[in-house]
Amino acid sequence: MDKTLVVEVAYALPHKQKILSLTVPEGTTALQAVQQSGIQNHFPELDLDASAMGIFGKGIPKPAERVLLSGERVEIYRPLIADPKEVRKQRAAKAKAAKDEAGEG
């Protein structure tokens, strides 16, 4: 009898999240687990081939090659809407402008 593992697949939107637990054969890759999970039934707009993935918060560059271990959770990441560096720059500039304004009074 082939060995199996229990893994999880997770995806979240700002207003909805889903974590699915599934049993897969040993040797299953992250991408295969995501495809088998049925997560697209809950999020039909999800493009699994174009989505970045990770395991417990650490990105995996090749989900189709990363073999899972028992208990691991594959996370599907949404694309970034804004560049985090750019957002920080804008926030810092706004804070500086507010500080300069307050100092002039």
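Residues numbered from 1 in each chain as written. Predicted model: local features only at pLDDT ≥ 70, side-chain atom pairs only at ≥ 80, totals over all residues. Heavy atoms only, no water.

1. Re the environment of Thr 4
Part 1: One can find Thr 4 in strand S1 (residues 4-13).
Part 2: Counting along the chain gives 98 residues from Thr 4 to Ala 102, while the straight-line C-alpha distance between them is 63 Å.
Part 3: Residue contacts for Thr 4: discarding those within four places in its chain leaves Thr 23, Val 24, Pro 25 and Glu 26. (Helix = DSSP H or I, 4+ residues; strand = E, 2+ residues; numbered from the N terminus. Contact = heavy atoms within 4.5 Å.)

2. Here's the deal with the sheet that holds S1
Part 1: Read from one edge of the open sheet, five strands run S2-S1-S5-S3-S4, paired in mixed fashion. Both outer strands of the open sheet, strand S2 (16-25) and strand S4 (58-60), are each paired with one neighbouring strand and no more. Across the sheet, the mean angle separating the axes of adjacent strands is 30° when strand polarity is ignored.
Part 2: Here four bridges tie strand S3 (residues 52-55) to strand S5 (residues 73-77), and the two strands are oriented antiparallel to one another. (Pairing = 2+ DSSP bridges. Axes fitted to C-alpha atoms, helices over the stretch in contact; angles between N-to-C directions.)

3. Some points on the pattern of salt bridges
Part 1: Within the structure shown, the criterion is met by three salt bridges.
Part 2: Among the ionic pairs, Glu 72 bridges to Arg 66, the shortest N-O distance being 2.9 Å.
Part 3: Given the relative accessible area of 10%, Glu 72 is considered buried.
Part 4: We note a salt bridge from Lys 96 to Asp 100, for which the minimum N-O separation is 3.1 Å. Pair noted here: Lys 96 and Asp 100 are both in helix H3 (residues 84-104), with a separation of four residues, about one helical turn. (Salt bridge = Lys/Arg side-chain N within 4 Å of Asp/Glu carboxyl O. Buried < 20%, exposed > 50% of the residue type's maximum accessible area, 1.4 Å probe, protein only.)

Function cannot be inferred from these measures alone, as they are strictly geometric.
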